[in-house]
Every structure is written in C-alpha cells, then in structure tokens.
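Residue strings, one per chain:
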Amino acid sequence: MSSHAPLRKAGRATKAGVKLIQKTGGNLVLASGVTLSLLFGMVLALSLASVLILSSPDPVTGLAIALPITLIFNIAAFFLSPYLMDLSQNWLYNTRWVSLAEIESLSPETAKVIQKVCKQKKLSSPRLGIIDDQNPTAFTYGSFPNSARLVVSQGLFTYLDDEEIATVYAHELGHIVHWDFAVMTLASTLVQITYLIYTTTQRMGRSGGEKAKDAAATVAAVAYLFYIAGTYLLLYLSRTREYFADHFAAETTGNPNALSRALVKIAYGILEEGQRATEPSILLEGTRALGIYDAKAATSTGTAYRISSEPEKIGRVFLWDMFNPWGWWMELNSTHPLTGKRVRALSTYAEQLGLDIEFDMGRIVGEGNDLSKRRLYGNFVFDLLLYSAETLGLAVGFAIGISLYAVNPMMMVACPLIGLGTGILLKTLVMFPNYQQAEHFDVLTLMSDPYASPLRGQPAQLQGELIGRGDAGYAFGSDLKLQDRTGMIYLRYASRFGPLGNFLFGMKRVESLIGMDVSALGWFRRGVAPWMDLIQLESDSGTTVKSYHRFWSFVMGIGAIAIGIASLFISFAA
C-alpha cells in the first residue's frame, strides 16, 4: 500500500443495491439512441446524395465497393477484436490471466461483487487479467457481455484498499452490463463511413461535368462537417457511459464514497509512478481511452492528495473542473468527464444513501459560486476566438482572397498567409505576457487556481528537481518533469532552432539535466492537464537552459505575413 496518510472515510450504505437517482450524465439509452440515430442518418443521407449526383459510373462503383468493405471490416474487427486485443495485451504488457480465486485473495470484496453482478445479470464471469505495472488502471473490452475481458494493473492493489478496488471492478462491470464496447464500436463505424463518403465525393469532384463537380464538392463539405460532428457525438457518448458506469458501481456496492476515493488515489498513484519513471508509461498511453481514469488529468488531483489527507483541501482543485468555462471546452475533446464532475455526481449518490460525503462538494460548490463571474466568463468568448486565431485568420484570409481573385489570382495565396500570420501574432501577444515580475509559486498553488487558462499564461517561477522526460514514450523527448514539495508539473521546451533543435536537445542534453535542482521560469497553463511553457532553467551549479516559445510564435507569424506580402509584390511586378 501507499505510505500516504489515509483519507478520512465517510462510510458506506448498510445495504447495497439501493436504486439511486442519476442527475448527471443524462440518459444512457437516449444518448446511445440519439448518437446512433444521428450517425445512421448522416451516413444514409450522404450515401444517397453521393449516388444521386454522379454522372460517371466509376465513383459509384467505388463507393458501392468501399461501403460494404468498411462494414465487413468493422464487423470482422468487432468479433475478432477481443482476440487481437488479447494478443496485444500479452505482447505489450505481459497480461496474466487469473482465476476469481486469485482476485479474491487480493480483494475479497471484489470477488463478491463479480459473483453478485454476474448472478443478477445472468452473465458469465468475465475473463480476468492482471498487468504487472504499478500505474493503477482498469479497463474492459470484448464483443459481447458473456465474452468480456476485465483487466487491471497491479498498481490498483498497491494504491487502493479492498472496498475501493471493489468499486473500480463494479465500474468496469457496469461497462459490460451496458454493452458499452458494442455500442461504441457501432458508433465509431458510422463515423468512419462519414469520413469514407467525404473522401470518395472529394475524388468525385475532380471528374465529370461542372454541375456534378459542384454537387460533389457540396456533399464532400457536408460529409466532412458530419464527420466532425460525429466525432464529438462519439466523445459525448463515451463520457456519458463513464457517468453511468460510476452510477452502476455506486448502486451495486452501496459505496459511492469509496469510488470517489478510488478516483483520487488512482490519480495519486499515476503521479507517484510517473515521478519514479524517467519515461512515461506505455500502459497508460496505450489504454488512455479504455481506462477508468484519463491519465492526462491525474496531475492536479494527484498533487492535491499527495500533500493532504483532508478532503476539503483536495476538493479545491476541482473548482477548475466544475466552474471554469475552459474546463467545459476542454472536456468536449475528452473521452472521460473531468474528475471534479465525477466526484460531484458520486457525492449526490452518497447524499441519497444518507451518508456523510467524503469530499464536501457542497462547500466546494459554495466556494465556486463565490468566484468572480467576470474573471471566469467576461472574456471567455473573446479568448476562445483568440485560442483559434490561426484557423480564423486563415479562414478570413481565404474568404478575402476569393472575393479579390478577379483583381489578382495571387490573392488566393497572399490573403490566407497574411490572415494566418496576423492570427498567430495576436494570439502570441496574449499567450506570452511580460514575465519580468514573475512571482514564486509552488505547483499545488498554481493547480488550485480556478481562473487558470490554456490561453492566458501565468508568469511563474518554480523551484524543484527535474525528475524525467515529459514526452509520452519518446526516448529523445525534449520536454521535462519538475517535482517540488507539493507536486509535479510538465515543462514544455522550445529550441531556438525549431523541431531539429528540440530533437538534439532531447538526445544530448535532457539526460544530463535529470536529477538537477533547478529554478524554472515560464508561463503556467491549465487544460485537462496543467503544464508550463518554459522560458529558462537555472541550476545551482550554473547550468542554464533557455527556451523560445514566444520567439518561434513571432517568427512564424511575421514569416507568414512577409511571405504573403512578398507574393503580392512579385505578382504585381510581373
């Protein structure tokens, strides 16, 4: 077990299986039905439109062949994926398949939960696996509930106690009972088909009459929009299923508080193991979408748990998850809900069971309601536009280029470049403010800031030890991990020589820096995971490392504008 002081336990229900009202996550059947129906509708509409507009038989034949092949491939993948996953599990992680008796020896309550759920739901016991890795995680996969695999890492038994482990297994059993892998496979197939139609109609637009080309281009544009929308629907469905698996675990065990603790301690375990390793975990990277917890989001929660066994203090890091609009925006691109929202939902189940709440989310919500709404939301829409300034600048420049095409065809090249460069420069001015008066902070204080943003960098100085690389599975990664007395944070490095300089720095310098006590100056940012864009590192021995994020942003912005203007001068001169 971890040496960390245990959290105060708020207790559990005397009787498991009590029905709980779920107020978070929506309706699982509705979410699945709406997502699949919309995706089916997209595919059907695009398929019909693609076929009806064509003047040439060849693209139709291609699409008619491609669609069945896609369907057959995905159907085959659905049935074969458990066996392919078994092979990859054994190859990558040396998964050890174990009996229920061995699980019982490690966690007696878990064995009871597995037997209870399988009996109630008339399921065969899932195939149980353990991966010899101390990073705590758990995931399930399969084609049908009766042939599912439920795999956990050894770290789960290291960092969690018996009742917490049981709630994690109950969560994964919830995915099996709800047929999550089957629904997600079907939904992802439909998203693939929308993309297939997009690429097919794009090719169709290159041949045939003018009318057919215009129509094909229209369908391709709509198909791409449907593909983007379908991808976000898929992510939404994935997040909804996590909420429902949490709800299933709370009902099955009568112990929502234990699952709240488990999520926090999993984050802590991921953080602890990350600090001991010089390279990121292949297991966590490879199973990020499958696992019970998004390892990228572990830093802030794990840091809070590391220095405090008081739930009230740990809960403060959840303020950003629940109240910062950037949290909502970043969550749109995530397969998992933010931790604070999951813990809040579990707290409502504890209330329904008449239990004390492990993490006093009522107090946290009260504190969140007292936050400055002006600071949280006042500039958010403007900041969101700035966050996408390069894309918007490119799009506006392209629109202007089209309108001025008759004046000079080179406008189609120059205007997008000028728009792109202008967008980069505007974003750079906001992202990288003056750092001359940067204050000294510790990691936890920065992570507990409910107003933190991925756009507006907070100039900050940190003192700590460089403990490893931050790049996922990359032996020559140039990013670093810094550890202070309160937690760990990733430092992103940018060489003055661009990507080649990053590679050479990662290959030649990083290894010699690991283990040094340093002072780090940079811009702190918070997304799903917090990080710092590095400006400078200084060690006690006199070693200095400079990083050039702002420099390269200015170079790219000014360079794009200069090329755009130069192309106009050349075209006018010609």
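Everything numeric in this text was worked out from a predicted model, so none of it was measured.

Chemist: Explain unusual backbone geometry here, please?
Modeler: With phi around 50 degrees, Asn94 is a residue other than glycine that occupies positive phi space. By the secondary structure assignment, Asn94 is in the loop between α2 (57-93) and β1 (96-98). Residue Asn94 is classed as exposed on the basis of its relative accessible area of 60%. Notably, Trp179 is not glycine yet its phi reads approximately 60 degrees, a positive angle. Along the polypeptide, Trp179 turns up in the loop between α6 (162-177) and α7 (180-204).

Chemist: Help me out: how do you make sense of the pattern of salt bridges in this one?
Modeler: Where charged atoms from two side chains of opposite charge come close, those side chains can pair. Applying the stated criterion to the full structure yields 16 salt bridges. A salt bridge links Glu390 to Lys427, with the shortest nitrogen-to-oxygen separation between them at 3.3 Å. Here Lys427 lies in helix α20 (residues 411-431) and Glu390 lies in helix α19 (residues 389-403), a separation of 37 residues in the sequence. For Glu390, a relative accessible area of 26% puts it in the partly exposed group. Owing to a relative accessible area of 11%, Lys427 belongs among the buried residues under this scheme. The partner of Glu511 in a salt bridge is Arg469, with the nearest N and O atoms 3.3 Å apart. Of this pair, Glu511 sits in helix α23 (residues 510-513) while Arg469 sits in strand β6 (residues 458-469), and the two are 42 residues apart along the sequence. The class for Glu511 is partly exposed, based on a relative accessible area of 48%. The exposure class assigned to Arg469 is buried, which follows from its relative accessible area of 3%.

Chemist: Help me understand the pairing of strand β9 (residues 517-526) in this model?
Modeler: One face of the sheet, then the other: side chains in a regular strand alternate in exactly this way. The buried fraction of β9 amounts to nine of the ten residues, a majority that puts the element mostly inside the structure. Bridge count for β6 against β9 is eight bridges, and the pairing is antiparallel. Across the sheet, residue Glu465 finds its bridge partner in β9, namely Asp517. Summarising the sheet, β9 and strand β10 (residues 530-539) pair through nine bridges and their orientation is antiparallel. Counted as the bridge partner of Val518 is Ser539 from β10. Linking β9 back to β10 in an antiparallel pair, the connection comprises three residues.

Chemist: What is the right way to read the nonpolar core from this model?
Modeler: For soluble globular proteins, the rule of thumb is that nonpolar side chains tend to be buried together. Judged by nonpolar contacts, the single largest core of 61 residues is most densely connected at Leu156 and Tyr169. With eight residues, helix α9 (residues 256-276) is the largest single contributor of residues to this core. Non-local contacts of Leu156, meaning those with residues more than four positions away in its chain, are made with Pro136, Thr137, Ala138, Ile165, Val168, Tyr169 and Ile266. Counting 39 residues, the second largest nonpolar core, distinct from the first, contains Leu466, Tyr493, Leu521 and Val528.

Chemist: I tried to follow the side chain of Ser153 on my own but got confused; where do I start?
Modeler: Position of Ser153 relative to the elements: it lies in strand β4 (residues 149-153). Take Ser153: its relative accessible area is 0%, and that puts it in the buried class. Not counting the four nearest positions on each side in its chain, Ser153 is found in contact with Ile131, Asp133, Asn135, Pro136, Thr137 and Leu283.

Chemist: Can you help me understand the sheet that holds strand β2 (residues 127-131) in this one?
Modeler: What holds strands together in a sheet is hydrogen bonding between their backbones, with the strands either parallel or antiparallel. With respect to topology, four strands assemble into an open sheet ordered β1-β2-β4-β3, the strand pairing being mixed. With partners counted over all chains shown, the strands left at the sheet margins are β1 and β3 (138-141), one partner each. Looking at each pair of strands side by side, their axes are set apart by 30 degrees on average, direction ignored. Most of the contacts of α6 go to β3, to which it runs at about 20 degrees, and overall it touches β2, β3 and β4.

Rules of the game
Residues numbered from 1 in each chain as written. Predicted model: local features only at pLDDT ≥ 70, side-chain atom pairs only at ≥ 80, totals over all residues. Heavy atoms only, no water. Helix = DSSP H or I, 4+ residues; strand = E, 2+ residues; numbered from the N terminus. Buried < 20%, exposed > 50% of the residue type's maximum accessible area, 1.4 Å probe, protein only. Salt bridge = Lys/Arg side-chain N within 4 Å of Asp/Glu carboxyl O. Pairing = 2+ DSSP bridges. Core = buried A, V, L, I, M, F, W, Y, C linked by side-chain atoms within 4.5 Å. Contact = heavy atoms within 4.5 Å. Axes fitted to C-alpha atoms, helices over the stretch in contact; angles between N-to-C directions.

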